[in-house]
Amino acid sequence: QFRVVPTDCREHDPVLKYDQSFNGLAVGCWEGDTLVVTSMGFTDRTWLHWSGYIHSNEMTVIERLRRQGDTLIYQATVEDPVMFLQPWTMDEVRLNLNKNPGAQLMQDVPYNDKSLGNLVDPNYRG
């Protein structure tokens, strides 16, 4: 799976940003050596993690990617005024590009409670 992210700092399309999709509408902008990707227009039918952390269709995700030598550093902030009292920022993920060719970035979730018994289908793994 992949996303197309324009990196010319354009504004989100005033109509398309309200379309709801699984990946949202992403726009990137360089801030020095950091690529900042802001995505909005998500459907509320997805989860933030396979264990079922919900969000609304007003969620905005801000991702920051930068390279430091052979290390790719990734961090994401989730803002959702309907579901969150404040923005949640994940811990940085560092991926050594030489030691892990083809590796994928994995991220943790904003909560420690992973009570699968509270999900509609606790056996679903997305």
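Residues numbered from 1 in each chain as written. Predicted model: local features only at pLDDT ≥ 70, side-chain atom pairs only at ≥ 80, totals over all residues. Heavy atoms only, no water.

Peer 1: How would you summarise the pairing of strand β1 (residues 25-31) if you had to cite specific residues and measurements?
Peer 2: Within a regular strand, the side chains alternate between the two sheet faces. Relative to strand β2 (residues 34-40), β1 runs antiparallel, the two being bridged by seven bridges. Bridge pairing in β2 links Trp 30 to Leu 35. The hairpin formed by β1 and β2 contains two residues between the paired strands, and Gly 32 there has a positive phi angle of roughly 70°. (Pairing = 2+ DSSP bridges. Helix = DSSP H or I, 4+ residues; strand = E, 2+ residues; numbered from the N terminus.)

Peer 1: Please give an account of the environment of Thr 46 that cites residues and values.
Peer 2: Along the chain, the position of Thr 46 falls in the loop between β2 and β3 (60-68). Between the C-alpha atom of Thr 46 and that of Phe 22, which follows or precedes it by 24 residues, the distance is 6.8 Å. Polar contacts involving the side chain of Thr 46 include one to the side chain of His 55, which spans 2.6 Å. (Polar contact = N/O pair within 3.5 Å; in protein donor to acceptor, adjacent residues only side chain to side chain.)

Peer 1: Residues and numbers for the side chain of Thr 60, please.
Peer 2: Among the secondary structure elements, Thr 60 is positioned in strand β3. Residue classification places Thr 60 among the buried positions, given a relative accessible area of 14%. When residues no more than four places from it in sequence are discounted, the contact partners of Thr 60 are Thr 38, Ser 39, Met 40, Thr 77, Val 78 and Glu 79. (Buried < 20%, exposed > 50% of the residue type's maximum accessible area, 1.4 Å probe, protein only. Contact = heavy atoms within 4.5 Å.)

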